[in-house]
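# Descriptive structure summary
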Amino acid sequence: MTIPEREIQAKLYRFLSNVIDKKFRFGDIEFTEVLFERPNINGFPDLVVYASEKGKKPIPILVIETKRKVPYRTTRFDPWDRNVIAQAERYATWLGAPYFATCNGEILVLFETFKVGVPLPQRRVKDYKVSLDEAFAKFILEEVGRFRTGIGKWLPLDDVFVQRLRSFHRFITPYIYRALIDKLREDLKFKEEYVRWLRSQLFEYSDEVNEKIAEQIAYLLMNKIIFYKTLETKISELPKLDRIEAKDGLEFSKKIREYFDRALAIDYEAIFEKTVLDEIPMPSRLVESLNDFIEEIGTYNLARIRSDILGRVYEDLIPEDERHRLGQYYTPPPIVDLIIELCVKSPNDVVLDPGCGSGSFLVKAYHKLRDLKKKENPFRSDAELHKEILNQIYGIDINPFPAQLSSINLAVRNLEVRSDNINLIVSDFFKIKPGMFPLPKEFDVVVTNPPYTRQEEMEYKEQIREAALTYLDGSKIKLDARAGIYAYFFIHSAKSVSYTHLRAHETSLHLVCRLLL
């Protein structure tokens with residue numbers, strides 16, 4: 001739905017005026033007026049709110065820059081876009097206002113105007129879902145009052161980064177979807193390869209699936225840029241990824257692929273490996289926006305951002321009904337911590353997660369193994385430990401996108417060491433037999449939060465039953481046909497666990513099952 005900028009501006013002005021006319025105050029702060037397009041040397045800021053503190057002369061306290069509400073047309077309508085933010089910041093700086101906001105009628109983002117040494121996108125920030133009414137206007141003024149008096153709570157940097165990534169993803173996805181459709185229409189050979197690739201991922205070609213793939217292509221591209229920008233700070237032989245000069249999207253795609261290939265030549269195959277999806281050229285209209293994104297990512301101190309950021313964004317891409325159908329559920333960190341504490345007991349334990357998703361269990365297992373090894377020998381180097389632990393951790397996931405996140409989450413444990421042994425397999429778990437390369441014949445620990453789809457929702461049910469219920473010697477295991485898929489996960493997983501460890505962890509296994517069920 002499109003809402004003109006002027007309409008958003010006028011409504012906000014009217015509702016803010018109504019609140020202020022009622023002598024609204026927050027503690028010692030009295031809001032005195034709101035001006036519509038007050039001229040200054042930098043142009044015409046859309047709205048400027050004035051306030052008096054402790055009876056002193058009113059000062060500009062908040063500048064609001066409004067933009068049209070329109071989906072997927074240009075970043076200049078995105079309240080998280082750095083150019084939109086910079087425009088509002090210029091107005092606020094000139095007027096001396098301590099706060100400014102960007103708003104497109106759907107989202108309002110509130111910023112602290114100035115903080116020494118902190119790039120614009122990372123200043124104190126908080127975003128709000130807009131309702132164009134008087135209650136929302138009053139709420140925003142209250143929020144400004146809270147921040148001004150020091151009791152407001154800004155978003156953590158992690159959440160700021162998540163919101164920025166989600167916003168950018170929403171913007172670029174429709175363009176990438178159109179590029180995918182054009183490529184499918186114009187290149188029959190590509191279409192054949194693409195359909196084969198879809199089937200290998202258990203998808204059937206359809207418009208709905210193509211839309212989902214476009215979302216994931218956009219997300220993968222963002223991941224690669226973010227991870228490359230992180231790597232370049234640690235690996236001197238990697239060229240710095242800056243703005244890419246390109247006359248069109250095809251040239252941009254080729255040039256950025258050259259950067260990814262440089263990283264691939266060093267390591268990180270699961271992240272930078274080329275697939276059929278790389279044959280889709282970036283739309284020319286995205287070149288400038290992608291260059292802005294590359295520059296913006298370079299301003300973030302990624303070391304301060306939790307490693308599960310990308311997983312949080314990925315969760316947001318999967319609709320709730322799709323997560324239910326696939327049985328994909330986020331495992332709360334305390335549950336992950338408890339399960340790993342119960343199950344990983346030895347510094348030599350070899351660990352498998354057969355439904356690893358974005359890597360929560362694998363990352364926690366990494367840290368537990370590292371602690372156990374350090375306790376055993378405090379003088380071992382971090383580089384040696386990193387390589388050794390990665391050889392003890394294995395993950396399987398049917399979807400390449402969360403598997404890529406697992407790779408990133410494990411690699412960033414120590415970016416100064418080349419992680420050439422990240423053992424992640426993109427496959428249907430029920431097509432994997434114990435000992436199949438590169439898996440060892442036995443694991444000491446299998447931890448997972450398996451899918452929880454009901455038996456009526458299971459695709460390929462008979463193939464799953466055959467694979468899971470056929471034991472290593474060819475004998476069959478009996479299981480009620482009404483069992484959900486999680487039961488097959490437990491049975492198939494048990495084939496890979498050594499009998500000694502299975503008995504040793506029997507109590508833990510019962511508790512784990514109770515927690516997950």
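Residues numbered from 1 in each chain as written. Predicted model: local features only at pLDDT ≥ 70, side-chain atom pairs only at ≥ 80, totals over all residues. Heavy atoms only, no water.

When you go through the chain residue by residue, the secondary structure sums to 19 helices and 11 strands. In the chain, which comprises 517 residues, the proportion classed as buried is 53%. The long-range share in the chain, meaning contacts at least 24 apart out of those at least 6 apart in sequence, stands at 69%. Total accessible area on the chain is roughly 24,700 Å²; 51% of this is exposed by carbon and sulfur atoms. (Helix = DSSP H or I, 4+ residues; strand = E, 2+ residues; numbered from the N terminus. Buried < 20%, exposed > 50% of the residue type's maximum accessible area, 1.4 Å probe, protein only. Contact = heavy atoms within 4.5 Å. Areas by Shrake-Rupley, 256 points an atom, 1.4 Å probe, with all protein chains shown as cover.)

Moving on: empty space enclosed by the protein. What the rule picks out here adds up to one cavity of 30 Å³ or more. Leu 352, Phe 429, Ile 432, Lys 433, Pro 434, Leu 439, His 492 and Ser 496 are the residues that line the largest cavity. Counted by class, the lining of the largest cavity contains five nonpolar, two polar and one charged residues. (1 Å grid on protein atoms, 1.4 Å probe; cavity = no way out; pocket = protein on both sides within 12 Å on 5 of 7 lines; lining within 4 Å. Points joined across faces, edges and corners; volume = space filled by probe spheres on them. Nonpolar A, V, L, I, M, F, W, Y, C, P; charged D, E, K, R; others polar.)

If you walk through the whole model with that rule in mind, you get 34 salt bridges. For Lys 126, the salt bridge identified is with Glu 143, shortest N-O distance 3.3 Å. Pair noted here: Lys 126 is in strand β7 (residues 125-129) and Glu 143 is in helix α3 (residues 134-148), with a separation of 17 residues, a long-range link. The class for Lys 126 is partly exposed, based on a relative accessible area of 21%. Here Glu 143 falls in the buried class, since its relative accessible area comes to 5%. Salt-bridge contacts for Arg 243 lead to Glu 288; the nearest nitrogen and oxygen are separated by 2.5 Å. Of this pair, Arg 243 sits in the loop between α6 (207-231) and α7 (249-266) while Glu 288 sits in helix α9 (residues 287-297); the two residues are 45 residues apart in sequence, bridging distant segments of the chain. Judged by relative accessible area, which is 27%, Arg 243 ranks as partly exposed. Among the charged side chains, a salt-bridge network with shared partners connects Lys 126, Glu 142, Glu 143 and Arg 146. (Salt bridge = Lys/Arg side-chain N within 4 Å of Asp/Glu carboxyl O.)

We now examine the nonpolar core. Residues Ile 213, Phe 227, Leu 231, Tyr 268 and Phe 272 are the most contacted members of the largest nonpolar core, which totals 95 residues. Take this core: its biggest share by element is 13 residues, from helix α4 (residues 157-186). If we ignore the near neighbours within four places in the chain, the residues touching Leu 231 are Leu 238, Ala 263, Tyr 268, Phe 272 and Leu 415. Of all hydrophobic cores here, the second largest spans 31 residues; its members include Leu 12, Leu 16, Leu 62 and Cys 103. (Core = buried A, V, L, I, M, F, W, Y, C linked by side-chain atoms within 4.5 Å.)

Turning our attention to the packing of α6 against α7. Closest axis-to-axis distance for the α6/α7 pair is 11 Å, and the angle between their directions is 55°. In terms of orientation, α6 and α7 fall into the oblique class. Seen along the crossing, α6 lies across α7 with a hand that is left-handed. When α6 is examined against α7, the residues Leu 221, Lys 224, Ile 225, Tyr 228 and Leu 231 are found in contact with a partner set consisting of Ile 256, Arg 257, Tyr 259, Phe 260 and Ala 263. Tallied by class, residues from the contact of α6 with α7 come to eight nonpolar, no polar and two charged. (Axes fitted to C-alpha atoms, helices over the stretch in contact; angles between N-to-C directions. Parallel < 35°, antiparallel > 145°, perpendicular 65-115°, else oblique. Left-handed = near helix turned anticlockwise from the far one by under 90°.)

A separate point is the sheet that holds strand β4 (residues 59-66). Spatial ordering of the open sheet is given by β1-β2-β3-β4-β5-β6-β7, a layout of seven strands whose pairing is mixed. Of all the strands in the sheet, just β1 (25-26) and β7 have a single pairing partner and so form its edges. Here α3 sits on the sheet and contacts β1, β2 (29-36), β3 (47-53), β4, β5 (99-103), β6 (107-112) and β7; the angle it forms with β7, its principal contact strand, is near 165°. (Pairing = 2+ DSSP bridges.)

With six of its seven residues buried, β3 lies for the most part within the structure. As judged from the seven bridges shared by β2 and β3, these two strands associate in the antiparallel manner. Residue pairing in the sheet places Phe 36 in a bridge with Leu 47 of β3. Relative to β4, β3 runs antiparallel, the two sharing five bridges. When the sheet's bridge partners are listed, Ala 51 is paired in β4 with Ile 59. With antiparallel pairing between neighbouring strands as the criterion, β3 and β4 make up a hairpin whose turn holds five residues, including Lys 54 at a positive phi of roughly 55°.

Taken by themselves, the reported measurements are silent on function.
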